[in-house]
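Read off the chains here:
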Amino acid sequence: MALDTPTRERIEALLAQHEVVLFMKGTRQQPMCGFSAAATNTLNDVVEQYHTVNVLEDPEIREGIKEYGQWPTIPQLYVKGELVGGSDIIRQMYTSGELYTLFGASAPDRTPPEITITDKAAEAIRGGMANAQGMALHLEIGPDHSAGFQLAPGGDHDIITVANGIEVHFDPGSAQRAKGIIIDWVSTVQGEGLSLKFPGATEVHGMSVHELKDRLAAGDLILVDVRPAHGRAMAAPLAGARILEDEGYEALAALPKDTAIAFICHHGISSRGAAERMAAHGFTQIFSVDGGMDAWSREVDPTVPRY
């Protein structure tokens, strides 16, 4: 469809007002799709200030920006009025160092990080990669210490380290944040999986729903509900709980490091991941509620719906 004049003028005004503009789904603090999250995580490593436009709140801009730059997808990055590209191109420029050059930033340290992979973790990784011919193990660690493994082809600009016979690929920012980490294989009541421990991070403790009830009554800890909106709609958050989607990790990270914080989810799995991210920030009293809201319903308050 043709781009109408008012929308074109609005886009041009945004590009004239801000040197760096990312048209995305959601905001820098709360991306609403994986591609937009990837773009903001990458930009956050390279440039301190940039303007974001949430296209979900503006259908005219959402469709108009696609016509304006003849680029069919969101997100889109513009620098000094010129289209750079979408999340894949941003990522490619990041790993190659071109993005640093674009913003006049110092070239990243490409020293491979020293990491530890335990025997149990190495065995599990080898098993998982047994049929993944041509694929490499990538570990991405975000600025908030969120971490994720994926199998994907190796890139020409990957930073590669080897530990316990396992080759791990990193981007520049992840490589810096990975220094000294320990990758282990853990078994909990919620299941098994790879676990990352950062240098100086405290241990995440489990908390029963009965202990949570007592601590909430005493008012000596903060409870954070990490469930998505559809889960909270089926069973409302406990009284006084903070909502991670509303709060964000940045606000929590600004709290005193001795603040007692418990994370709760549906069954106690995603809450542990959230708790580990906070532990990596140096917090000393971090808990994950065992069994989550489901256990609360079964053992404490049966009026809370199970789903």
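Nothing here was measured: the structure is a model prediction, and the numbers come from that model. Within each chain, residue numbers correspond to sequence positions counted from 1 in written order. Only residues with pLDDT of at least 70 are given local features in this predicted model, and only at 80 or more are side-chain atom pairs given and counted; all residues enter the totals for whole chains, interfaces and linings. Computation of side-chain values: all heavy atoms of the structure, hydrogens and water removed.

Asks: What am I meant to see in the sheet that holds strand 12 (residues 205–207) here?
Replies: Strand pairs in the sheet, formed through backbone hydrogen bonds, run parallel or antiparallel to each other. Any two strands are treated as partners once DSSP identifies two or more bridges connecting them. Per the convention used, a helix needs a DSSP run of H or I reaching at least four residues, while a strand needs a run of E reaching at least two, with both numbered from the N terminus. If you trace the five strands from one edge of the open sheet to the other, you get 12-16-15-13-14, paired in parallel fashion. Edge positions in the open sheet fall to strand 12 and strand 14 (242–243), since each of these has one partner strand only. Pairing of strand 13 (residues 222–225) with strand 14 involves two bridges; the strand directions are parallel. Bridge pairing links Asp225 to Ile243 in strand 14. Sheet strands in contact with helix 11 (residues 270–279) are strand 12, strand 15 (260–264) and strand 16 (285–289), and its direction is about 175° off that of strand 16. Whether two residues are in contact is decided by their heavy atoms, any of which lying within 4.5 Å being enough. All axes here are fitted lines through C-alpha atoms, helices being fitted over the stretch that makes contact, and every angle between N-to-C directions spans 0 to 180 degrees.

Asks: Any chance you could explain the packing of aromatic side chains here in plain terms?
Replies: The geometry of two aromatic rings is summed up by the distance between their centres and the angle between their planes. Under the pairing criterion, centres of Phe, Tyr and Trp rings, with the six-membered ring standing for Trp, must be within 6.5 Å; the plane angle then separates stacked pairs below 30 degrees from edge-to-face pairs above 60, leaving the rest tilted. By the definition in use, this model includes three aromatic pairs. Look at Phe23 and Tyr78: their rings are 5.8 Å apart centre to centre, the planes differ by 80°, and that puts the pair in the edge-to-face class. Linking Phe23 in strand 1 (residues 20–24) with Tyr78 in strand 3 (residues 76–79), this pair joins segments that are 55 residues apart in sequence. Working definition: with a 1.4 Å probe on protein chains only, accessible area under 20% of the residue-type maximum means buried, over 50% means exposed, and in between means partly exposed. Classification of Tyr78 as buried rests on a relative accessible area of 2%. An angle of 20° between the planes, with centres 5.9 Å apart, marks the rings of Tyr94 and Tyr100 as stacked. Both residues of the pair, Tyr94 and Tyr100, count as buried. Through a chain of ring-to-ring contacts, the aromatic side chains of Phe23, Tyr68 and Tyr78 assemble into a single cluster.

Asks: Help me out: how do you make sense of unusual backbone geometry in this one?
Replies: A negative phi holds for most residues other than glycine; trans holds for most peptide bonds. Of note, the amide linkage connecting Ile74 to Pro75 takes the cis form, showing an omega dihedral of 15°. Position of Pro75 relative to the elements: it lies in the loop between helix 3 (59–69) and strand 3. Here Gln70, not a glycine, exhibits a phi torsion of approximately 50°, which is positive. Along the chain, the position of Gln70 falls in the loop between helix 3 and strand 3. For Gln70, a relative accessible area of 62% puts it in the exposed group.

Asks: I keep staring at the side chain of Ser288 and nothing clicks. Help me out?
Replies: As for its placement among the helices and strands, Ser288 is situated in strand 16. Judged by relative accessible area, Ser288 falls into the buried class, the value being 1%. Each residue touching Ser288, except ones within four places of it in the same chain, is listed here: Val204, His205, Gly206, Met207, Phe263, Gly268, Ser271, Arg272 and Ala275.

Asks: I would appreciate a short explanation of the pairing of strand 15 in the present structure.
Replies: In terms of burial, strand 15 is a largely internal element, five of the five residues being buried. Alternating positions in strand 15 separate into two faces, Ala260, Ala262 and Ile264 on one and Ile261 and Phe263 on the other, with burial throughout. Bridge analysis of strand 13 against strand 15 gives four bridges, and the strand direction is parallel. Following the sheet pairing, Ile222 is matched in strand 15 by Ile261. Bridging between strand 15 and strand 16 involves four bridges; their strand directions are parallel. Counterpart to Ala260 in the pairing with strand 16 is Gln285. We call a crossover right-handed when, viewed with both strands directed away from the observer, the connection leading from the first strand over the helix to the second proceeds clockwise. Handedness of the crossover joining strand 15 and strand 16 through helix 11 is recorded here as right-handed.

Asks: Even after reading the chapter, I still don't get helix 1 (residues 5–17), so can you show me in this structure?
Replies: Each α-helix winds once per 3.6 residues, and so residues spaced three or four apart point in a common direction. Under the convention used throughout, the expected extent of a helix is 1.5 Å for every residue step, that is, one less than its residue count. With 13 residues, helix 1 should reach 18 Å at 1.5 Å per residue; the first-to-last C-alpha distance of 18 Å fits that figure. The set of residues buried in helix 1 consists of Thr7, Ile11, Leu14 and Leu15. Within helix 1, the buried residues cover an arc of 95° as seen down the axis, which keeps them to one side. Every exposed residue of helix 1 that faces more than 90 degrees away from the buried side is listed here: Thr5, Pro6, Ala16 and Gln17. Elements in contact with the buried residues of helix 1: strand 1, strand 2 (51–54), helix 3 and strand 3. By the criterion applied in these results, polar contacts are pairs of N or O atoms within 3.5 Å in which, for protein atoms, one can donate a hydrogen and the other can accept it, and in which residues neighboring in sequence qualify only through two side-chain atoms. With a side-chain oxygen positioned 2.9 Å from the backbone nitrogen of Thr7, the residue opening helix 1 is Asp4. Think of it as the arc spanned by the lines of direction from the helix axis to the C-beta atoms.

Asks: Hey, could you run me through the pairing of strand 2 in this one?
Replies: Taken residue by residue, a regular strand's side chains alternate between the two faces of the sheet. Bridge analysis of strand 1 against strand 2 gives four bridges, and the strand direction is parallel. Bridge pairing in strand 2 places Met24 opposite Asn54. Considered for its hand, the β-α-β crossover made up of strand 1, helix 2 (residues 34–46) and strand 2 is right-handed.

Asks: Hey, could you run me through the sheet that holds strand 3 in this one?
Replies: If you trace the four strands from one edge of the open sheet to the other, you get 2-1-3-4, paired in mixed fashion. Edge positions in the sheet fall to strand 2 and strand 4 (82–85), since each has one partner strand and no second. Here the average twist between neighbouring strands, direction ignored, is 25°. One ladder, built from three bridges, connects strand 3 with strand 4; its direction is antiparallel.

Everything listed here is a matter of coordinates, which is why it stays silent on function.
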